[in-house]
Amino acid sequence: MKLTTVTQVTIDGVMQGNGGASDEDRRNGFERGGWARGAGDDETRTFINQTYRRADAFLFGRRTYELFTGWGSMTVQDAPGWESVVESLNTRPKYVASATLTDPEWAGTTVLSGDVAAAVRELKAKPGGELQVHGSGILTRWLLENDLVDEMILIVIPVIVGQGARLFPETGPDLALDLVESRADSKGVTIQVYRTAGRPRYAGA
């Protein structure tokens, strides 16, 4: 399977607390949550629904998994406009990379607690399909460090929040990307789809 990460980020690269609740993620004194709420037009909503619809399985870090469990109690009637998200999350296999989660309540969940890299490689070795990682910043960075990401989707919200955890650390591994698709909606939200392409080339190298 192709492993694709899907991340909402601000212009300054923050991914923390993007959801609807202002108190969703208050780690390290973060006070500006909910910055993605109401962003994006119908075209972007359609893109997100289509992305979820093509997933064959989902991979989460524990914190994001726990945030997403709310979808598990929903039916498609409960989330107008997001029917494909609800249906996909509740019918496709879900994997959680966690050393502490032992008894997940969301049906269809498998915990990856041993050699996570080997487990992810085994999932990727399955024929066809797409394994998607939504949010899960720590996990996404770890997957990138271990060369396990095939494609990245960045949904960039036109806001600078000035604080919070960023998708990419100040120092870390480098990575070249090939742009596969780019679009901007009527509200200024941009979507960029990148394919990983090894290490970048630098001047004089």
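As the structure is a computational prediction, the values presented were derived from the model and not from experiment. (Residues numbered from 1 in each chain as written. Predicted model: local features only at pLDDT ≥ 70, side-chain atom pairs only at ≥ 80, totals over all residues. Heavy atoms only, no water.)

A. Examining the packing of aromatic side chains more closely. For the coordinates displayed, the defined rule picks out 5 aromatic pairs. Summarising the aromatic geometry, the rings of Y52 and F58 are spaced 5.8 Å apart at their centres and angled 40° between planes, so their arrangement reads as tilted. F58 carries the same exposure label as Y52, and that label is buried. Ring centres of F58 and F60 lie 6.2 Å apart, and the angle between their planes is 20°; this geometry places the pair in the stacked category. The burial state of F58 is the same as that of F60; both residues are buried. Every member of this aromatic cluster is reached through a ring pair, and the members are Y52, F58, F60, Y65, F68 and W106. Between the NZ or CZ atom of K94 and the centre of the ring of W106, over which it lies, the distance is 4.8 Å. (Phe/Tyr/Trp six-rings, centres within 6.5 Å; stacked < 30°, edge-to-face > 60°. Buried < 20%, exposed > 50% of the residue type's maximum accessible area, 1.4 Å probe, protein only. Lys NZ or Arg CZ within 6 Å of the ring centre and 35° of its normal.)

B. How the structure looks around the sheet that holds strand 5 (residues 130-134). With mixed pairing, 8 strands are arranged side by side in an open sheet as 4-3-2-5-1-6-8-7. The sheet is open, and its two edges are formed by strand 4 (109-112) and strand 7 (177-184), each paired on a single side. Strand-to-strand twist across the sheet, computed as the mean angle between neighbouring axes with direction ignored, equals 20°. Sheet strands touched by helix 4 (residues 116-124): strand 1 (2-10), strand 2 (57-61), strand 3 (94-97), strand 4 and strand 5. Its angle to strand 4, the strand with the most contacts, is close to 135°. (Pairing = 2+ DSSP bridges. Helix = DSSP H or I, 4+ residues; strand = E, 2+ residues; numbered from the N terminus. Axes fitted to C-alpha atoms, helices over the stretch in contact; angles between N-to-C directions. Contact = heavy atoms within 4.5 Å.)

C. A look at the side chain of T7. The residue T7 is located in strand 1 in this model. Residue classification places T7 among the buried residues on the basis of a relative accessible area of 1%. Setting aside chain neighbours within four positions, we find T7 in contact with M15, I153, L154, I155 and L167.

D. Representation of the pairing of strand 5 in the model. Strand 5 sits mainly inside the fold: 5 of its 5 residues count as buried. Side-chain alternation along strand 5 places E130, Q132 and H134 on one buried face and L131 and V133 on a second face that is also buried. Bridging between strand 1 and strand 5 involves 5 bridges; their strand directions are parallel. Within strand 5, the position partnered with L3 by the bridge is L131. Sheet topology places strand 2 next to strand 5; 2 bridges connect them, and they run parallel. The partner of F58 across the bridge, within strand 5, is Q132.

E. A look at the pattern of salt bridges. For the structure shown, the criterion picks out 8 salt bridges. Put simply, R166 and D12 hold a salt bridge, and the shortest N to O gap is 3.5 Å. With R166 in the loop between strand 6 (151-157) and strand 7 and D12 in the loop between strand 1 and helix 1 (42-53), the pair connects residues that are 154 residues apart, well separated along the chain. The residue D150 makes a salt bridge to K124 at a minimum N-O spacing of 2.5 Å. Of the two residues, D150 is situated in the loop between helix 5 (137-145) and strand 6 and K124 in helix 4; the sequence distance between them amounts to 26 residues. Residues participating in the shared-partner salt-bridge network are E43, E181 and R183. (Salt bridge = Lys/Arg side-chain N within 4 Å of Asp/Glu carboxyl O.)

F. Quick peek at unusual backbone geometry. One non-glycine residue with positive phi stands out, namely S136, at about 55°. Using a relative accessible area of 4% as the deciding quantity, one classes S136 as buried. We note that D147 has phi near 55°; this positive angle belongs to a residue other than glycine. As for its placement among the helices and strands, D147 is situated in the loop between helix 5 and strand 6. Note on D147: relative accessible area 67%, which makes it exposed.

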